[in-house]
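Okay, here's what each chain looks like letter by letter:
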Amino acid sequence: MQLIKISAEPHPVTIDLGATALLVIDMQKDFLYPAGFGAFLGNDVTLLQRTIGPIQAMLAAARTRGLLIIHTREGHLPDLSDCPPTKLDRWAPGTRIGDVGPMGRILIRGEAGHGIIDEVAPLPGEIVLDKPGKSAFYATDLEAILRQQGIRNLLITGVTTDVCCNATVIAANDRGFNAIVLADCVSSYSPERHAATLATIKAQGGIFGWVTDSTAVLGALSAA
Ligand code: TIU
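Residues numbered from 1 in each chain as written. Predicted model: local features only at pLDDT ≥ 70, side-chain atom pairs only at ≥ 80, totals over all residues. Heavy atoms only, no water.

### Some thoughts on the pattern of salt bridges
Going through the model one piece at a time under the given rule, you end up with 10 salt bridges. In this structure, Glu-74 engages Lys-87 in a salt bridge whose closest nitrogen and oxygen atoms are separated by 2.8 Å. Here the residue Glu-74 occupies a position in strand 4 (residues 68-74), and Lys-87 occupies one in the loop between strand 4 and strand 5 (100-101), the gap between them amounting to 13 residues. Since its relative accessible area comes to 0%, Glu-74 is described here as buried. For Lys-134, the salt bridge goes to Glu-74, with nearest N and O atoms at 2.7 Å. Placement of the pair is Lys-134 in the loop between strand 7 (127-131) and helix 4 (142-148) and Glu-74 in strand 4, with a sequence separation of 60 residues. The exposure class of Lys-134 is partly exposed, given its relative accessible area of 29%. Within the structure, one salt-bridge network assembled from shared partners comprises Glu-74, Lys-87 and Lys-134. (Salt bridge = Lys/Arg side-chain N within 4 Å of Asp/Glu carboxyl O. Helix = DSSP H or I, 4+ residues; strand = E, 2+ residues; numbered from the N terminus. Buried < 20%, exposed > 50% of the residue type's maximum accessible area, 1.4 Å probe, protein only.)

What follows is the structure, given as structure tokens:
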């Protein structure tokens, strides 16, 4: 067992590195690049780009320490058989999942826009988990993988804070995993929703988990 103590809110958190995984959520071109899904929803995708440097630093540290690394990608099968109609029909035709954009069909597995951005690309041997929902636990093997690997703590990074990161944190908490969110490694298309989501996660003594940042985690790792 190798314990590290991370400064966090609402209080410090001590974790065993052997039971800890780094989760990199949906760092896909469709969310971070212009003319992808995020942009079609009316968002300024540049707001997400500040996460890239801190996530690169966390990936480097996790690789050095041999932490389990799991990258996720939101997306659907080409025939949309795994995409509920409710996830399509709220938006105008031409901007929906499966429609054709400059990076291929929006949020469809195998298309260019569905891919993870080069800056945080997975290395061979790292898990890449395709998910059809916002939560990384919905209709995926994530829970089984974590239990088989003896993981209890999740370092949460990726996009967006309020949507896929938040959905995953809530699902992780209900399944008995400690969710530790790195504030500089997550971002939203709305700074207000980013702040509100982090405030909710750490409220009430840490009702969903903890909020920290990459500086605190990297500091704790180098002190270990
Ligand atoms: N719209 C938005 O903020 N996010 C998503 O649709 N998916 C993820 O957060 N990955």
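### Concerning the nonpolar core
Core analysis: the biggest nonpolar cluster contains 42 residues, and Ile-6, Leu-22, Met-27, Val-120 and Leu-155 have the highest contact counts within it. Tallying contributions element by element places helix 3 (residues 52-65) first for this core, with 6 residues. Formed by 26 residues, the second largest nonpolar core is a distinct cluster that contains Ile-156, Cys-164, Ala-172 and Val-186. (Core = buried A, V, L, I, M, F, W, Y, C linked by side-chain atoms within 4.5 Å.)

### Here we look at the site of the ligand
Neighbouring the ligand are the residues Asp-26, Phe-31, Phe-37, Leu-41, Glu-74, Lys-134, Val-159, Thr-160, Val-163, Cys-164 and Tyr-189. In this structure, an oxygen atom belonging to the ligand sits 3.1 Å away from a main-chain N or O atom of Cys-164. Contact with the protein chains hides 93% of the accessible area of the ligand, taken as 290 Å² for the molecule alone. The pocket occupied by the ligand, as judged from atoms lying within 2 Å of grid points, is the largest pocket. Residues of the shell around the ligand, tallied by class, amount to 7 nonpolar, 1 polar and 3 charged. (Near = heavy atom within 4 Å. Polar contact = N/O pair within 3.5 Å; in protein donor to acceptor, adjacent residues only side chain to side chain. Areas by Shrake-Rupley, 256 points an atom, 1.4 Å probe, with all protein chains shown as cover. 1 Å grid on protein atoms, 1.4 Å probe; cavity = no way out; pocket = protein on both sides within 12 Å on 5 of 7 lines; lining within 4 Å. Sits in = over half its atoms within 2 Å of the grid points. Nonpolar A, V, L, I, M, F, W, Y, C, P; charged D, E, K, R; others polar.)

### Describing unusual backbone geometry
With omega at 10°, the peptide bond leading from Glu-9 into Pro-10 counts as cis. Within the secondary structure, Pro-10 sits in the loop between strand 1 (3-6) and strand 2 (13-16). Here the bond from Val-159 into Thr-160 is cis, since omega is -10°, no more than 30 degrees from zero. Assignment of secondary structure puts Thr-160 in the loop between strand 8 (153-159) and helix 5 (161-174). With a phi angle near 70°, Ala-35 is a residue other than glycine that sits in the positive phi range. Inspection of the secondary structure puts Ala-35 in the loop between helix 1 (29-32) and helix 2 (37-40). Positive phi is not limited to glycine here, since Ala-139 has a value of about 55°. Take Ala-139: it is sitting in the loop between strand 7 and helix 4. Since its relative accessible area comes to 55%, Ala-139 is described here as exposed.

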